[in-house]
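# Understanding the architecture of this molecule
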Amino acid sequence: MEIVRVVSDTFWSTKVWLPPNITWEDIRPGVRSDVTHADYRHLVYPIPLAAVIIVLRWVVERGEDQLG
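First things first, this report covers the structure right here in the doc. On a predicted model such as this, the values are computed, not experimentally measured, just so you know.

## Structural notes on unusual backbone geometry
Positive phi, close to 65°, is recorded for Asn-21, a residue that is not glycine. As for its position among the elements, Asn-21 is in the loop between helix H2 (14–17) and helix H3 (46–67).

## Regarding the packing of aromatic side chains
How two aromatic rings sit relative to each other is given by the distance of their centres and the angle of their planes. Counted according to the given criterion, the structure contains four aromatic pairs. Judged by centre distance (6.1 Å) and plane angle (75°), the rings of Trp-12 and Trp-24 are edge-to-face. On the criterion of sequence distance, the pair formed by Trp-12 in the loop between helix H1 (2–11) and H2 and Trp-24 in the loop between H2 and H3 is long-range, its members being 12 residues apart. Each member of the aromatic cluster is reached from another via a ring pair, and the members are Phe-11, Trp-12, Trp-17 and Trp-24.

Analysis parameters
Residues numbered from 1 in each chain as written. Predicted model: local features only at pLDDT ≥ 70, side-chain atom pairs only at ≥ 80, totals over all residues. Heavy atoms only, no water. Helix = DSSP H or I, 4+ residues; strand = E, 2+ residues; numbered from the N terminus. Phe/Tyr/Trp six-rings, centres within 6.5 Å; stacked < 30°, edge-to-face > 60°.

Here's what the structure looks like:
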């Protein structure tokens, strides 16, 4: 299990993801009132919209095949 911890620590290293002199604690939601964080629940909207676009594309391409 030590290898998992090493890989996780390396992946989430502040040197990789954050600018110098910033820590994960600095960007934790609720720490600063002047920073607005994204809400993960907003990801619910793009998924059904993508399904609608895929079906619409399928319908349009199917119509083109039948015409020509």
